[in-house]
Amino acid sequence: MSDFLARNWGNVASVAGLVFSILAFVFSKRASNAAQEARNAVLLRSLSEEMNGARGLAGEIVTYVSMGRGDFALLRANDLVNQTGYLLARWDNKLSEESKNKILSAGEQLRRIQEVLTKGAVSNLRTKAKAELSQACQQVNATLSEEYGRAVKTSEREVT
Amino acid sequence: MEDTKAIEFFRGVLSKTRAGRIGWQPTATESAYIAAIGGKFILSVWQYEYPDQETFPFARYSLAVKDQDGRVLTTITSSDAGIAEGEMRELYELVSRQAFRVNEKIDQVLGELSKL
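In this text the structure is predicted, and so the values were computed from the model without any measurement.

Rules and cut-offs
- Residues numbered from 1 in each chain as written.
- Chains lettered and ligands numbered in written order.
- Predicted model: local features only at pLDDT ≥ 70, side-chain atom pairs only at ≥ 80, totals over all residues.
- Pairing = 2+ DSSP bridges.
- Helix = DSSP H or I, 4+ residues; strand = E, 2+ residues; numbered from the N terminus.
- Contact = placed C-beta atoms within 7 Å.
- Nonpolar A, V, L, I, M, F, W, Y, C, P; charged D, E, K, R; others polar.
- Expected span 1.5 Å × (residues − 1).
- Buried ≥ 20, exposed ≤ 12 C-beta atoms within 10 Å, placed from the backbone.
- Arc of directions from axis to C-beta.
- Axes fitted to C-alpha atoms, helices over the stretch in contact; angles between N-to-C directions.
- Parallel < 35°, antiparallel > 145°, perpendicular 65-115°, else oblique.
- Left-handed = near helix turned anticlockwise from the far one by under 90°.

Student: Outline the pairing of strand 3 (residues 41-49) of chain B, listing residues and values.
Tutor: All names here are of chain B. Direction of pairing for strand 2 (residues 32-37) relative to strand 3: antiparallel, over a ladder of six bridges. Bridging from a neighbouring strand, Ala-36 pairs with Ile-42 of strand 3. Counting the residues between successive antiparallel strands, the hairpin from strand 2 to strand 3 contains three residues, one of them, Gly-38, with a positive phi of roughly 65 degrees. As defined by bridge partners, strand 3 adjoins strand 4 (residues 59-66) across eight bridges and the pair is classed as antiparallel. When the sheet's bridge partners are listed, Ser-44 is paired in strand 4 with Ala-64.

Student: With reference to specific residues and values, describe the interface of chain A and chain B.
Tutor: At the junction of the two partners, chain A supplies 18 residues and chain B supplies 15 residues. Of all elements in the fold, only helix 2 (70-90), helix 3 (97-119) and helix 4 (127-159) of chain A reach the threshold of two or more residues within the side of chain A that touches chain B. A total of twelve residues in the side of chain A that touches chain B trace back to one element, the largest contributor, which is helix 3 of chain A. Residue composition of the side of chain A that touches chain B, by class: seven nonpolar, four polar and seven charged.

Student: Please provide a residue-by-residue account of helix 2 (residues 85-99) of chain B, values included.
Tutor: Side chains three or four residues apart in an α-helix point the same way, a direct result of the helix having 3.6 residues per turn. Residues and elements named next belong to chain B. In this model helix 2 runs 21 Å from its N-terminal to its C-terminal C-alpha over 15 residues, within 8% of the 21 Å that 1.5 Å per residue would give. Listed as buried for helix 2 are Met-88, Leu-91, Tyr-92 and Val-95. The arc that holds every buried residue of helix 2, seen down its axis, measures 95 degrees, which confines them to one face. Within two residues after helix 2, Arg-101 carries a phi angle of roughly 50 degrees, on the positive side.

Student: Residues and numbers for unusual backbone geometry, please.
Tutor: Residue and element names in this part refer to chain B. One non-glycine residue, Ser-31, lies in positive phi territory at about 65 degrees. Summarising the element assignment, Ser-31 is placed in the loop between strand 1 (25-26) and strand 2. The backbone of Arg-101 sits at a positive phi, close to 50 degrees, despite the residue not being glycine. Here Arg-101 shows up in the loop between helix 2 and helix 3 (102-115). When the 13 C-beta atoms within 10 Å are taken as the criterion, Arg-101 is described as partly exposed.

Student: Give a detailed account of the packing of helix 2 of chain A against helix 3 of chain A, specifying residues and quantitative values.
Tutor: Residue and element names in this part refer to chain A. Their axes nearest at 9 Å, the elements helix 2 and helix 3 cross at an angle of 155 degrees. Classified by the interaxial angle, the pair formed by helix 2 and helix 3 is roughly antiparallel. For the pair helix 2 and helix 3, the crossing hand works out as left-handed. Of helix 3, the residues touching helix 2 (which contributes Gly-70, Ala-73, Leu-74, Ala-77, Asn-78, Leu-80, Val-81, Thr-84, Gly-85, Leu-87 and Leu-88) are Lys-100, Ile-103, Leu-104, Ala-106, Gly-107, Leu-110, Arg-111, Ile-113, Gln-114, Leu-117 and Thr-118.

Student: Lay out the environment of Thr-118 of chain A with the relevant residues and their values.
Tutor: Residues and elements named next belong to chain A. Assignment of secondary structure puts Thr-118 in helix 3. Using a count of 10 C-beta atoms within 10 Å as the deciding quantity, one classes Thr-118 as exposed. Residues Thr-118 and Gly-17, 101 residues apart in the sequence, show an inter-C-alpha distance of 74 Å.

Student: Now, about the environment of Val-140 of chain A: what can you tell me, with residues and values included?
Tutor: Residues and elements named next belong to chain A. Within the secondary structure, Val-140 sits in helix 4. A residue is classified by how many C-beta atoms lie within 10 Å of it, and Val-140, with 30 of them, is buried. Between the C-alpha atom of Val-140 and that of Ala-54, which follows or precedes it by 86 residues, the distance is 9.9 Å.

This is the structure:
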């Protein structure tokens, strides 16, 4: 055995080196995949947190409109229009086309809500217009809540 | 002068709406409907009263497309060359029915009626 090693130490060292190289490659690949998965999980958690923030603003708009506080609702609508634009730009490669369509629609709906709220007090609106405003606000809230749920689900799937 | 691209766009929206392929929804603004497509564009259709008629104002219709940043890319009205007033009205009426899911609700009513 020692004779064999003495005669072939170079070959043995080469084979051992090759084995270690393969093992190092496998482990580094695994580590790289794990790091990528961890990064995705963090990103998706961040998406769901931002979607939760948007959902919160939409909920406040619904509340303010139902209380007849158009001024407060308008402030929140301004913030949320910006937020939907940000979400679309920031998460362009993480959102599905369906999600993008929903967030785009919510943004446009908010611009219409802004138009209505800018014209005057909620209490001065005709009954039909008030109902349309209220339904539009609820629709934005429902859309963003749905998107929040979807983002949470995706981030949970990424973690498990 | 006819804007051929705008006419093509209008015909495309009308044809996809006839086929029920666009998810129209009502808005906070009376007589206005929107739909997002491709994750990039917002279509809107609305009705307005033509103000030049002093005694009998009549309804006119518009179709517009905006990009993701809310910039209006083009607006088509029923008075544009190459756009038939009847087709624009048809688009508006189809959009309105689809946004409120009128056909589905009528089917439900018919279902209820058949049980009586």
